[in-house]
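# Survey of secondary and tertiary structure
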Amino acid sequence: MNDVVKRSAAEIARDVNAKRISARDVTEAVLARVDEVDDRLGCYLTRLHDLAREQASRVDERVAAGESLPLAGVPLAVKDNMCLSGTRTTAASKILENWIAPYTSTAVQRMLDAGAVPIGKSNLDEFAMGSSCENSALGVTRNPYDLQRVPGGSSGGSAAAVAAFEAAIGMGSDTGGSIREPGAFCNVVGFKPTYGRVSRYGLIAFASSLDQIGPLTRTVEDAALAYDAMAGHDPMDSTSIDRPVEPAAPSLREDLEGLRIGIVKEFVTAKLGAEIDALYKRAYAELAKLGAELVEVSLPTADYGLATYYLIAPAECSSNLARFDGVRYGLRVDGADVGQMYEQTRAAGFGPEVKRRILIGTYALSSGYYDAYYVKAQKARTMSAQDFKKAFEHCDLIAAPAASSPAFEFDSKSDPYSMYMMDYYTIPMSLAGLPALSVPCGYAGTPAMPMGLQLAAPLFEETRLLGAAHAYERATAYAVEGAIAV
Amino acid sequence: MASEKIDVRYVAKLARIALSEDEAERFGKQLGDLLAHVNVLSELETASVPATAQVVESRNVERSDEAGPCLDRETVLSMAPQREGSFFRVPKIIGQP
Amino acid sequence: MTVQTRYEAVIGIECHVELKTRSKMFCACANEFGGEPNTKVCPVCLALPGALPVANAEAIRHMIRAGLAFGASIPAFSKFDRKNYFYPDMPKDYQISQYDMPLTLGGSVRYWLEDGTLKECKLTRIHLEEDTGKSIHGGGGDGRIAGSSFSLIDFNRAGVPLMECVSEPDLRSAQEAVGYLEALKRTFVQLGVSDVKMEEGSLRCDANVSIRPAGSTELGTKTEIKNMNSFRSVLRAIESEIERQIAVLESGSRIVQETRGWDEGQGVTHSMRSKEEAHDYRYFPDPDLVPIEVDAALIDELKKTIPVLPPERFARYRGYGMDPKQATQLVDNFPLADYFDACVAAGANPQASMNFVLSDLSRLANETGTPVNESAVTPEALAELVALVESKTVNSKIAKELLERMWAGEGSPKAIVEQEGLAQTSDTGEIERLIDEVLAANEKAATDYKAGKTNILGFLTGQVMKASRGKANPALVNELLRKKLE
Ligand SMILES: [Zn+2]
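Residues numbered from 1 in each chain as written. Chains lettered and ligands numbered in written order. Predicted model: local features only at pLDDT ≥ 70, side-chain atom pairs only at ≥ 80, totals over all residues. Heavy atoms only, no water.

## What to know about the packing of aromatic side chains
Applying the stated criterion to the full structure yields 31 aromatic pairs over all chains. Their ring planes at 80° and their centres at 4.9 Å tell us that A:Tyr309 and A:Tyr310 sit as a pair that is edge-to-face. Neither residue differs from the other here; A:Tyr309 and A:Tyr310 are each classed as buried. Between C:Tyr320 and C:Phe340, the aromatic rings sit 5.7 Å apart at their centres with planes inclined by 70°, giving edge-to-face as the arrangement. (Phe/Tyr/Trp six-rings, centres within 6.5 Å; stacked < 30°, edge-to-face > 60°. Buried < 20%, exposed > 50% of the residue type's maximum accessible area, 1.4 Å probe, protein only.)

And the structure:
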């Protein structure tokens, strides 16, 4: 392995801008790494050798012309639910298996404009519905720390690619934890900005009011760099936030002096077993050691988060996924009439988890149940957001687990609800639209697998969040201890 | 909160997904289980709570009425599972919208 | 009492009108009729994965103006909802519409019948939505959906802004329904919110028809009539449906609530019940769009853009003595009606200017191809001319000549009259002198008159007028001539 692939995005951009290495050379090294390990890991559904080389050459030309690009030559994994013009964009679904996107999503375009080089389209749970990548209809992604285990999901391909040095930045999308949980499983930083900070235009929708794009990186500094490149108002997305983005990269801190960090009373880590309980207690103590004042806060409706989420997200998805009907693009299975064509196409094109969610969402919106389920969930969502508002009167950040357990073995969660429980700690923040991230905080289990500490901030406080995560990462450096299996 | 058994076939019809016997049974049970879980929401007193459709409030996001470029027709039609000339073709349509 | 008069019809109209904008409702594709199929489409209106809608500001303004024109209330808060159902010409398989919070509520449409009777029909609401694509049905069925074996779809129209106007069941006959539709049409055209071309499908309507015993206040079972493609077919379809319902009740059967299609060729409606799918539209707020708030300032601004509306004009014109047909014609010729109103505003006698506008000026406009309002005859100049006639300064013959010269650009009629001494003369001495000359030259005519051929008087009057170069007051000439001859 050429050591250049292990460099952080910040280092690569600095070196490419300084012409110490060419984007083309970085790209060749990363492509070689992908060809070496990805048959085993399965991070990418599509490798983009040609496009990567083209883009790398363009970056070198721009640098030669005197430009300085924030992500010059940085190898990028693009989650395959984001459109990139001319590339196969599948959402890991059979229904889109051979669809070539004719346009590029805003967030991806911003990364390319900043000089990032797309290495491949990374695997995910079909339509981003899942917590392990096992719901991908198009490939298996393995956890680089233990190939018998899942990488997490739904942004598992991007998380694993970054962990295994197949990219420096992975683009992910988070609806209920889909960046933070795989980040934790793969020992990388997974950052979900405030809802609306990053344009959703070109992100294949799962649940529109929750979906948010963000980066997976090996360092907090890289997450800040990626965020600075991808965030900002987009007139193509009505829900995109029209307010200035304070650059995060310059405000990274080394300590937590003066910050009050809330520990959520309702998040009882003892339920997760003695080892994990001890691990999170240690993480909280580390925060205190860095100067933070720990305060207990309460999220009285935290326990209702999962139920709220599993009504709102499926309801929105049942409507968002209606367009996959075999008429204009994607899979079609013929039928005697158009109704049969729809039913056969969607039966063959969607996997079981997607079908389950479409069915539950359809039911929750249907006549007679709408108020009892959908409206009730929207009200519960209001309460969840109010909980956080109150909690943040007493603290500047909240610390919590990023997942209920370390990465588990394939096929070990047969009951859908036990899989949903993986997102117990990430869903409340999603419901409230808050910026949140996971940062490596140690290892648990046998074999020892990475764990993540989740930090969350009030709306729009990405800079505070990344600043604090940076201090924690610098002081603890847990990810550095880890050794991947490939 | 409603807790009756889901008519999974009716829901699948609305969602336009054909179900095998096996799927109908399995999904019916799983959805019933999930509903049992989500029914905890009935414990929340929400009578005076407004519903949240979007968590970051904003209003009147509009574009000015200007026409821009469209997709190239060949690009559009090359995606079609079945095309006929410049049209998308579908099997016989039954019923009104 | 005939069978017909024993029943009363109760009719409500749902009418879809395409708005006149440059671009579509939620994307920048051109809003134009026709064109090569599938050339006015983009990721948004084709519902490609990842595409998002952004609302067209002009369409929202059009809606508010339409509401204001009908005296509707404009709620301060409005939102878009998704109406979920599958149909091949609807790309997202849901329609963005407005469910419980439309842009306008209530109001009423004032309309009139052929005989000039003024009527009023209350509006339930007008809401904003998007149009579907167009299907062509092939393989049998003569272009109709029934009997066809496949359909071809053009998405150019998909996403065109559409307003749906829903009336209360206030209409009592097919004539009233047509009167109501004509009033809608002329109001929308005058406001500039739509071209309302039925032949291009930019106005489409369905009618809910029921009958009840005359004098009853209960509603009968209604049927919904579709496929009416012109005002004439609306008239015929509703008449035919009323007759059918009467026949059903008279035969002792009951009306079935159903959708019925109008068959233009056979002149009857027939049931469209196929094995109809259960409809459950699962409306919910569109999470891709944000709510609309309309403040008082915007309403005030838009109120100022509302012109004098057709019903007001019609009533006024009738007051001027126009017959219903004349008044309707003038009302429907907006530029000419504006011109006429400007003449009246400039002080012209309405009746006198009406004659000029409807006959002489309209004739000149026809002959020259220049619309009256763009001609050299300004409303002020016409008012001047009318005043000259009113004050008997010029007679009607000179007035017609003056009008021709004004049309040709010779300017103020007053100035022409003064410069050329064209003012009508009532100088008795002068006229008597001319009479003497004429009688001297026409001795035989004078003799004939005295012998009883009194109709020769007209000839003699003409001769005197000619001798005065048209300036003599014809009534005075007539009077003096008679005196002289008797
Ligand atoms: Zn478009």
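Right, picking up where we left off after that structure.
## What about the interface of chain A and chain C?
With 38 residues of chain A at the interface, the matching set in chain C holds 31 residues. At the boundary of chain A with chain C, total buried surface from both sides reaches about 2,700 Å², with 59% on carbon and sulfur atoms. When the buried area of chain A at its contact with chain C is split by residue, A:Ser238, A:Arg323 and A:Arg328 rank highest and sum to 23% of it. On inspection of chain A and its partner chain C, the count reaches 2 salt bridges. At the surface where chain A touches chain C, the tally comes to 14 residue pairs in polar contact (both at pLDDT 80 or more). Sorting the residues of the side of chain A that touches chain C by element identifies helix H9 (305-320), helix H10 (338-349), helix H11 (352-365) and helix H12 (370-391) of chain A as the ones contributing at least two each. In terms of residues, the side of chain A that touches chain C owes the most to one element, H9(A), which gives 4 residues. In the side of chain A that touches chain C, the residues fall into 21 nonpolar, 10 polar and 7 charged. (Contact = heavy atoms within 4.5 Å. Buried area = accessible area lost by both parts, 1.4 Å probe. Salt bridge = Lys/Arg side-chain N within 4 Å of Asp/Glu carboxyl O. Polar contact = N/O pair within 3.5 Å; in protein donor to acceptor, adjacent residues only side chain to side chain. Helix = DSSP H or I, 4+ residues; strand = E, 2+ residues; numbered from the N terminus. Nonpolar A, V, L, I, M, F, W, Y, C, P; charged D, E, K, R; others polar.)

## Examining the coordination of the zinc ion
Residues and elements named next belong to chain C. Protein-derived ligands of the zinc ion are Cys-27 (SG), Cys-29 (SG), Cys-42 (SG) and Cys-45 (SG), with the metal-ligand distances lying across 2.3 to 2.4 Å. Every donor counted, the 4 donor atoms about the zinc ion form angles of 100 to 119° at the centre, which fits tetrahedral coordination. Between consecutive donors of the zinc ion, the numbers of intervening residues give the motif C-x1-C-x12-C-x2-C. With a gap of 18 residues between them, Cys-27 in the loop between strand E1 (7-18) and strand E2 (55-56) and Cys-45 in the loop between E1 and E2 connect regions that are remote in the sequence. Cys-27 gets classed as buried once you look at its relative accessible area, which sits at 5%. (Donors = N, O, S within 2.8 Å, 3.2 Å for Na, K, Ca; no water. Tetrahedral: all angles 85-135°; square planar, octahedral: opposite > 155°, others 65-115°.)

## Concerning the confidence of the model for chain B
Summarising the model, chain B shows a mean pLDDT of 91, and 94% of its residues fall at 70 or more. What the predictor reports for the complex is a pTM of 0.91 with an ipTM of 0.97. (pLDDT = per-residue confidence, 0-100.)

## Examining the interface of chain B and chain A
Contacts between chain B and chain A engage 55 residues on the former and 61 residues on the latter. Together, the buried faces of chain B and chain A total about 5,100 Å²; carbon and sulfur atoms form 71% of this surface. Inspection of the region where chain B meets chain A yields 3 salt bridges. Run the count over chain B and chain A and you get 16 residue pairs in polar contact (both at pLDDT 80 or more). Only helix H1 (8-15), helix H2 (21-38) and strand E3 (87-91) of chain B provide two or more residues apiece to the side of chain B that touches chain A. Element by element, the count of residues in the side of chain B that touches chain A is highest for H2(B), at 8 residues. Residue composition of the side of chain B that touches chain A, grouped by class: 36 nonpolar, 11 polar and 8 charged.

## Side note on the sheet that holds strand E5 (residues 94-97) of chain C
The pairing of strands in a sheet comes from backbone hydrogen bonds and takes either a parallel or an antiparallel form. Residue and element names in this part refer to chain C. In space, the 3 strands of this open sheet follow the order E5-E4-E16, with antiparallel pairing throughout. Two strands in the sheet have a free side with no partner beyond their single neighbour: E5 and strand E16 (284-285). In terms of strand pairing, strand E4 (residues 81-84) meets E5 through 4 bridges, oriented antiparallel. What sits directly across from Lys-83, in E5, is Gln-95. (Pairing = 2+ DSSP bridges.)

## Section: the nonpolar core
The biggest cluster of nonpolar side chains holds 159 residues, and the ones touching the most others in it are A:Phe127, C:Ile13, C:Tyr180, C:Phe188 and C:Ile238. The dominant element in this core, judged by the number of residues it contributes, is helix H2 (residues 174-191) of chain C, at 9 residues. Beyond its immediate stretch of four places on either side in the chain, A:Phe127 contacts A:Ala91, A:Ser93, A:Ile95, A:Leu96, A:Ile204, A:Phe206, A:Leu321, A:Phe324, A:Phe350 and A:Val354. Among the nonpolar cores identified, the runner-up in size contains 132 residues, and A:Ala56, A:Ala159, A:Ala164 and A:Tyr472 belong to it. (Core = buried A, V, L, I, M, F, W, Y, C linked by side-chain atoms within 4.5 Å.)

## Looking at the sheet that holds strand E4 (residues 169-174) of chain A
Residues and elements named next belong to chain A. Reading across the sheet, the 11 strands line up as E1-E3-E2-E4-E6-E5-E10-E11-E9-E7-E8 and stay open at both edges, with mixed pairing between neighbours. Looking at strand neighbours, the two that pair on one side only are strand E1 (44-47) and strand E8 (293-297), the edges of this open sheet. Between one strand and the next, the sheet's axes are offset by a mean angle of 30°, whatever the strand orientation. Strand direction decides the pairing type here: strand E7 (residues 260-264) and E8, joined by 5 bridges, are parallel. Within the sheet, the bridge partner assigned to Val-264 lies in E8 and is Val-297. Of the strands in this sheet, E4, strand E5 (189-192), strand E6 (212-217) and strand E10 (436-444) touch helix H7 (residues 220-230), which is tilted by about 145° from E6. (Axes fitted to C-alpha atoms, helices over the stretch in contact; angles between N-to-C directions.)

## Here's the deal with the pattern of salt bridges
Across all of its chains, the model carries 74 salt bridges over all chains by this definition. Salt-bridge contacts for A:Lys355 lead to B:Glu23; the nearest nitrogen and oxygen are separated by 3.0 Å. Remark: B:Glu23 occurs in helix H2 and A:Lys355 occurs in helix H11; the pair is interchain, linking two chains. For A:Lys355, a relative accessible area of 5% puts it in the buried group. Taking the shortest distance from any N to any O, the salt bridge between C:Lys79 and C:Asp81 comes out at 2.5 Å. C:Asp81 carries the same exposure label as C:Lys79, and that label is buried. Shared partners join several salt bridges into a network, and the residues in it are A:Arg200, A:Asp237, C:Arg82, C:Asp286 and C:Asp288.

## Here's the deal with the layout of surface pockets
Roughly 940 Å³ of internal volume is contained in the second largest pocket. Counting residues per element, the ones that place at least two in the lining of the second largest pocket are H12 of chain A together with E16 of chain C. The element best represented in the lining of the second largest pocket is H12(A), accounting for 9 residues. Residue classes in the lining of the second largest pocket are distributed as 25 nonpolar, 6 polar and 8 charged. (1 Å grid on protein atoms, 1.4 Å probe; cavity = no way out; pocket = protein on both sides within 12 Å on 5 of 7 lines; lining within 4 Å. Points joined across faces, edges and corners; volume = space filled by probe spheres on them.)

## A word on unusual backbone geometry
All names here are of chain A. The peptide bond linking Gly-153 to Ser-154 adopts the cis configuration, its omega dihedral lying at 10°. Along the polypeptide, Ser-154 turns up in the loop between strand E3 (117-122) and helix H5 (156-163). Residues Thr-446 and Pro-447 are joined by a peptide bond in cis, for which omega reads -5°. The phi dihedral of Phe-127 falls on the positive side, at around 55°, and the residue is not glycine. With respect to the element layout, Phe-127 can be found in the loop between E3 and H5. A positive phi angle, near 65°, is found at Asn-187, a position not held by glycine. Residue placement: Asn-187 occurs in the loop between helix H6 (180-185) and E5.

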